[in-house]
Amino acid sequence: MIARLLISPSIGKRIEEIEKILGQLGFKNPHPDLLYYPADTKLGIEQAREIKKHFSFKPYLAKGKAVVLEDASILTIEAQNALLKILEELPDHALFILGANSDSKLLPTVISRCQIIRVQSIGDRVQLEDYKDDIEKLINSSIEERFEYIEKLKNREEFLKAMLYYY
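Residues numbered from 1 in each chain as written. Predicted model: local features only at pLDDT ≥ 70, side-chain atom pairs only at ≥ 80, totals over all residues. Heavy atoms only, no water.

(A) Main features of the pattern of salt bridges. For the structure shown, the criterion picks out six salt bridges. Across the pair R118 and D103 runs a salt bridge whose closest N-O atoms are separated by 3.9 Å. With R118 in strand β5 (residues 114–118) and D103 in the loop between β4 (94–100) and α4 (108–111), this residue pair connects regions lying 15 residues apart in the sequence. For D103, a relative accessible area of 27% translates into the label partly exposed. (Salt bridge = Lys/Arg side-chain N within 4 Å of Asp/Glu carboxyl O. Helix = DSSP H or I, 4+ residues; strand = E, 2+ residues; numbered from the N terminus. Buried < 20%, exposed > 50% of the residue type's maximum accessible area, 1.4 Å probe, protein only.)

(B) Expanded view of the sheet that holds strand β2 (residues 34–37). An order of β2-β3-β4-β1-β5 is seen for the five strands of this open sheet, with the pairing classed as parallel. Both outer strands of the open sheet, β2 and β5, are each paired with one neighbouring strand and no more. Across this sheet, the average inter-strand angle for adjacent strands is 15°, counted without regard to direction. In this structure, strand β1 (residues 3–7) lies alongside β5, joined through five bridges in parallel fashion. Each bridged residue has a counterpart across the sheet, and for I7 the counterpart in β5 is R118. Sitting on the sheet, helix α3 (residues 77–88) is in contact with β1, β4 and β5, with an inclination near 135° to β4. (Pairing = 2+ DSSP bridges. Axes fitted to C-alpha atoms, helices over the stretch in contact; angles between N-to-C directions. Contact = heavy atoms within 4.5 Å.)

It is worth stressing that arrangement in space is one thing and function is another; only the former is reported here.
Listed below in structure tokens is the structure:
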């Protein structure tokens, strides 16, 4: 199985998605086969060793083992490097979920070993639908037309978010 990297600026949305995934697999926190690190936990080399050790044992009640990091973006560089081998060769029936507000603080080697899931709220999806046609028109327009469009916008920040979700 491949590790999952849940990316959302909202910690609440990440936790909601984590609980959904765990629920589908029969895990509920606390569980003897689940190692769960909340967002406010320090994540260094010692925690990386704990994760390796956790995955090295056979499952107690479930069909596999699971590890969740609500905020993997606070992993130290050393801890990220220590987790590379686990991410690359995740044991059978193992689940590794990493949450982050963005992928900018994670090593490219960590990101490349994960299935990236961008968690969006319903409002974000609706927002994209509001601007999707305009974004597609802007792609084929001249620079002058793009600036004119941006100048006329009432909510530029909302449009920028929609463009980010579009790309």
